[in-house]
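Residue-level listing of the chains:
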Amino acid sequence: MNRAALIVLAALTFARGSAAGAPGGPVFLIGIDGASWDLMDPLLAAGRLPNLSALMKSGCHAALRSDDTLNSAVVWTTIATGKTRQKHGIESWDLELGQPPSTLRKVKAVWNILGDAGARVLLSYYMASWPAEDLNGVNITPRWDSSVAVDGTISPKDAFAPAGEAAARRLLTRWPRTFPQSPSDPNSERARDDARLDVLTRALSQDESAASAAELFLSKGGFDFFAIHLWGLDWVSHWFLEAGAGEGRATVDAYYERADALVGRLLRFSRERATVMVVSDHGFKGAEPSLVRKNGRWRPTGAHAPAGILILGGPRAGRCASRGDASVLDVAPTILHMMGSAVGEDMDGEPLTRFLSEDFSRSNPVKRIATHDTAARPLDARKLTADPETLELLRKMGYIR
Ligand SMILES: [Zn+2]
């Protein structure tokens, strides 16, 4: 490439980097499935979650009320739309496909609304995002690194060029996906330990891929809204969390530290400009014993709990003396408000202005619009095929008997 071409390229890159954008910098939505304050608080007090702790100190935090299903597929869609499941249409797991297909969602998610308004968006491994919708930006679905080849796992199709699809695939699949099971009696303690290691391996691998994929794009800059779903903590909590402080609890604690480290990695790309929301879809409570033998298999006994977490930190955040209260329905309206977009009157939550700075609120009154859903969502004729890896996980968690 000659020098003139380089200058043109630099100018174009700069123009894209400073695109339309939100007045207060980008917004990051980091989802940590199943994160629970009662498990986090002792770790925060011991200084073991430094990135989340710093974010809390730069803003507000709250117990985040889930919906009555406590079902991750339902609740992550509620978080993305600000609407109840009856309105958004994702009511459960898809017991034939795995995660429910994005085509089942009846209303716009925040990334559709923001993208339509000119914001550049990046999604990484968001729940129920396959098949990948075309967005004003990049959409990497959780099926992108699946061992089963299937269409529509990323949009645009050539998103990884020029770095190269092959190089990205090597990076994202460099951790083993499964732990080999020993040929032992499925009721034995050896089989139980192998099953636990398999869940831990899958969790580490999945979250590493989601974060690495996001980093490949965040490092290029130019995104106004970024959302990621880290699912691993929920799986590890199901299989390791006990009621007391046993060995299993130590593994869960270590996984919280892992999630905190991933948050730290992603926040490097904020350069303190992004307002960041860290949320979970529900909390978690352990049981004793954490695993039981049932129908010739080990089954987890722990359960989702109604209160998840919300941390809102960064330039637009206010300062809160104590832990507040909010609903999963409030997340999408808050994101729209922070990005300068109107909140739909047909959304079931409210923007969390009490967690935003006076400075921001003074110059940004809440805008309203009757609805963002003025037309039916476009039909996607792609053939839907099952995701055996997710189905196996749902079986492990006990969602499929
Ligand atoms: Zn779960």
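Residues numbered from 1 in each chain as written. Predicted model: local features only at pLDDT ≥ 70, side-chain atom pairs only at ≥ 80, totals over all residues.

Moving on, we get to the packing of helix α8 (residues 189-218) against helix α9 (residues 232-240). Taken N-terminus to C-terminus, the directions of α8 and α9 make an angle of 170°; their axes are 8 Å apart at the nearest point. Taken together, the axis directions place α8 and α9 in an arrangement best described as roughly antiparallel. Of the two possible hands of crossing, α8 and α9 adopt the one that is left-handed. Counting all contacts with α8, which are made through Arg 196, Val 199, Leu 200, Arg 202, Ala 203, Leu 204, Gln 206 and Asp 207, the residues of α9 involved are Gly 232, Trp 235, Val 236, Trp 239 and Phe 240. Considering only residue class, the contact of α8 with α9 consists of eight nonpolar, two polar and three charged. (Axes fitted to C-alpha atoms, helices over the stretch in contact; angles between N-to-C directions. Helix = DSSP H or I, 4+ residues; strand = E, 2+ residues; numbered from the N terminus. Parallel < 35°, antiparallel > 145°, perpendicular 65-115°, else oblique. Left-handed = near helix turned anticlockwise from the far one by under 90°. Contact = placed C-beta atoms within 7 Å. Nonpolar A, V, L, I, M, F, W, Y, C, P; charged D, E, K, R; others polar.)

Take the environment of Pro 180 next. For Pro 180, the location among the structural elements is in the loop between α7 (165-172) and α8. It is 9.0 Å that separates the C-alpha atoms of Pro 180 and Ala 195, two residues lying 15 residues apart in sequence.

All right, on to helix α10 (residues 247-267) then. A turn of α-helix holds 3.6 residues, and therefore any two residues three or four places apart point the same way. End to end, α10 covers 31 Å across 21 residues, agreeing with the expected 30 Å (1.5 Å per residue, within 8%). Burial in α10 covers these residues: Gly 248, Val 252, Asp 253, Tyr 255, Tyr 256, Ala 259, Asp 260, Leu 262, Val 263, Leu 266 and Leu 267. (Expected span 1.5 Å × (residues − 1). Buried ≥ 20, exposed ≤ 12 C-beta atoms within 10 Å, placed from the backbone.)

Moving on: the sheet that holds strand β12 (residues 307-313). Ordered in space as β5-β4-β3-β6-β1-β7-β12-β2-β13, the nine strands form an open sheet in which the pairing is mixed. Two strands close off the open sheet at either side, each with one partner strand: β5 (154-155) and β13 (324-327). As defined by bridge partners, strand β1 (residues 27-32) adjoins strand β7 (residues 275-279) across five bridges and the pair is classed as parallel. Its bridge partner lying in β7, Leu 29 is registered against Met 277. Relative to β12, helix α3 (residues 50-57) is tilted by about 65°, and along the sheet it contacts β2 (59-65), β7 and β12. (Pairing = 2+ DSSP bridges.)

The subject of this paragraph is the pairing of β12. By the criterion of burial, β12 is predominantly enclosed, with six of the seven residues buried. In this structure, β2 lies alongside β12, joined through seven bridges in antiparallel fashion. Within β12, the residue paired with Leu 64 across the bridge is Gly 308. Strand direction decides the pairing type here: β7 and β12, joined by four bridges, are antiparallel. Bridge pairing in β12 places Val 278 opposite Ile 311.

Moving on, we come to the pairing of strand β6 (residues 225-230). In the case of a regular strand, side chains alternate between the two sheet surfaces. Among the six residues in β6, six count as buried, and that is most of the element. Pairing geometry for β1 and β6, over six bridges, is parallel. Across the sheet, the residue bridging to Val 27 is Phe 225, located in β6. As paired elements, strand β3 (residues 121-124) and β6 share four bridges and run parallel to each other.

The topology assignment puts Ala 109 in the loop between α5 (85-88) and α6 (110-116). Each C-alpha atom of the pair Ala 109 and His 88 lies 9.2 Å from the other, and the pair is 21 residues apart in sequence. Beyond its immediate chain neighbours, meaning those up to four positions away, Ala 109 contacts Ala 80 and Thr 81.

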